[in-house]
Amino acid sequence: MKLPPLHHNTPATLEEALDLLGEHGDEAKVIAGGQSLVPMMAMRLARPAQLVDINGIASLAAMEDRGDVLAFGAIVRERAAEKSSVVAERAPVLAEALPHIGHVSIRNRGTIGGSLAHADASAELPAVAMVTDAHVVVRSRRGERIVAAEDFFVGHFTTSLADDECLVEVRVPATLPGAGWSFQEVARRQGDFALIGVAAMVALGGGGSIDTARICVFGVAERPLRIRTVEDALAGAAPSPEAFEAAAADAARDLEPPSDVHGSAAYRRHLAAVTVRRALTAAAARAGVPG
Ligand SMILES: Cc1cc2nc3c(=O)[nH]c(=O)nc-3n(C[C@H](O)[C@H](O)[C@H](O)COP(=O)(O)OP(=O)(O)OC[C@H]3O[C@@H](n4cnc5c(N)ncnc54)[C@H](O)[C@@H]3O)c2cc1C
């Protein structure tokens, strides 16, 4: 299918890109990897008159280890992060999630920033951003905002980005030494969007009890969900199979997942319980809990 007529702008600087976004407002869309936007335009689900192509802006291409955070510029490709030994070591839950996205050819073009800005409720990276308490840096001609993942995702394909704003950087906190992590998803085929997925992290305190647990479930609601009541209940508990089984049942109980051709709500709720239990168990094992 052909794309509708449009102007393809290729700014060389961020300032130029922000001017274009400010000038054209809701007529304009940023294009990064194009792996979601181009199919949406071909299907006429998006009809921007102006494309603001950020791929020529060298200042958005850096991937940096800043000690407490890993920073990914807006045109860092998913595949570049996947192949990075720094990401594998310092943000292993991100490294574990990346291979679940589509296929290599998609990850060669798709960007981390684009995935967050696209905010598909079944996408992997928004859940990683939520479980790691990541932040995004957003710029417009009006200034800069640093937005927590929790406040960035509003609904399916909806974020708190305004029309004139460009996401310029994603900041993922480095995983604390000793903390365990797990990323699990159920999809019909490798590379498909998830029917349901879970990102979890577990850190142990003195005496071997759980100090903190984080659980983010995705594919079951309009946006990825941190299950904070269950996280709070796990803090201080012994990291036993029984505790994880009960936590998983509690996490799944209040979910209201969609029903569609891929699976009923009841099936997804069942998968949520199984997947949360597996994710907590795997994260705890990596934190040092004996199997
Ligand atoms: C066959 C196929 C399978 C896929 N499977 C998966 C999958 O399993 N899981 C998954 O998560 N994704 C999947 N994807 C999508 C892929 O990961 C995309 O690369 C990603 O979602 C969007 O990144 P992008 O850089 O391509 O963004 P683009 O397509 O360029 O943009 C997507 C949206 O984000 C906005 N945007 C992009 N960058 C910025 C920015 N810096 N500032 C402001 N707005 C911005 C655009 O305006 C647009 O609305 C798949 C895609 C295809 C084609």
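Residues numbered from 1 in each chain as written. Predicted model: local features only at pLDDT ≥ 70, side-chain atom pairs only at ≥ 80, totals over all residues. Heavy atoms only, no water.

Caption draft 1: Quick peek at the packing of helix α11 (residues 241-253) against helix α12 (residues 265-286). Their axes nearest at 8 Å, the elements α11 and α12 cross at an angle of 140 degrees. Classified by the interaxial angle, the pair formed by α11 and α12 is oblique. Helix-helix and strand crossings are classified by hand; for α11 and α12 the assignment is right-handed. From α11, Phe244, Glu245, Ala247, Ala248, Ala251, Ala252 and Arg253 reach across to α12, where they touch Arg269, Ala272, Ala273, Val276, Arg277, Leu280, Thr281 and Ala284. (Axes fitted to C-alpha atoms, helices over the stretch in contact; angles between N-to-C directions. Helix = DSSP H or I, 4+ residues; strand = E, 2+ residues; numbered from the N terminus. Parallel < 35°, antiparallel > 145°, perpendicular 65-115°, else oblique. Left-handed = near helix turned anticlockwise from the far one by under 90°. Contact = heavy atoms within 4.5 Å.)

Caption draft 2: Just the sheet that holds strand β11 (residues 180-186), in detail. Pairing is antiparallel across the open sheet formed by 4 strands, whose spatial order is β11-β12-β13-β14. If you trace the sheet from one side to the other, it starts and ends with β11 and β14 (225-226), each paired once. Of the pairings in the sheet, the one linking β11 to strand β12 (residues 196-204) comprises 7 bridges and is antiparallel in character. Bridge pairing links Val186 to Ile196 in β12. Taken strand by strand, helix α8 (residues 124-131) contacts β11, β12, β13 (210-218) and β14, and its axis lies near 155 degrees from that of β13. On the sheet, α12 packs against β11, β12 and β13 and is oriented at approximately 155 degrees with respect to β11. (Pairing = 2+ DSSP bridges.)

Caption draft 3: Just empty space enclosed by the protein, in detail. Scanning the entire structure with this criterion turns up 1 cavity of 30 Å³ or more. Taken together, Leu94, Ile112, Leu116, Leu125, Val128, Ala129, Val170 and Val172 make up the lining of the largest cavity. Elements that contribute at least two residues to the lining of the largest cavity include exactly α7 (112-118), α8 and β10 (166-173). At 3 residues, the largest contribution of residues to the lining of the largest cavity is made by α8. (1 Å grid on protein atoms, 1.4 Å probe; cavity = no way out; pocket = protein on both sides within 12 Å on 5 of 7 lines; lining within 4 Å. Points joined across faces, edges and corners; volume = space filled by probe spheres on them.)

Caption draft 4: A look at the site of the ligand. Among the 30 residues in the neighbourhood of the ligand, the closest are listed as Val30, Gly34, Leu37, Thr111 and Glu124. Residue Gly34 places a main-chain N or O atom 2.8 Å away from an oxygen atom belonging to the ligand. Measuring from an oxygen atom of the ligand, one finds a backbone N or O atom of Leu37 at 2.7 Å. Isolated, the ligand exposes 960 Å² of accessible area, and the fraction of that covered by the protein chains is 88%. Taking a 2 Å distance to the grid points as the criterion, the majority of the atoms of the ligand fall inside the largest pocket. Among the elements of the structure, β2 (28-31), α7 and β10 are those that each provide at least two residues to the shell around the ligand. Residue contributions to the shell around the ligand peak at 4 residues, all from α7. Looking at the shell around the ligand residue by residue, the classes come out as 14 nonpolar, 12 polar and 4 charged. (Near = heavy atom within 4 Å. Polar contact = N/O pair within 3.5 Å; in protein donor to acceptor, adjacent residues only side chain to side chain. Areas by Shrake-Rupley, 256 points an atom, 1.4 Å probe, with all protein chains shown as cover. Sits in = over half its atoms within 2 Å of the grid points. Nonpolar A, V, L, I, M, F, W, Y, C, P; charged D, E, K, R; others polar.)

Caption draft 5: How the structure looks around the packing of aromatic side chains. Evaluation of the coordinates by the stated rule reveals 2 aromatic pairs. Between Phe152 and Phe153, the ring centres sit 5.3 Å apart and the planes meet at 80 degrees, which makes this aromatic pair edge-to-face. (Phe/Tyr/Trp six-rings, centres within 6.5 Å; stacked < 30°, edge-to-face > 60°.)

Caption draft 6: Expanded view of the sheet that holds β2. Here 3 strands make up an open sheet; going across it, the order is β1-β3-β2 and the pairing parallel. Of all strands in the sheet, those with a lone pairing partner are β1 (7-9) and β2, marking the two edges. Within this sheet the neighbouring strands show an average axis-to-axis angle of 25 degrees, counted without direction. Here β1 pairs with strand β3 (residues 50-53) via 3 bridges, running parallel. Directly across from His7, in β3, lies its bridge partner Gln50. Each of β1, β2 and β3 touches helix α1 (residues 14-24); the most contacted strand, β3, lies at about 160 degrees to it.

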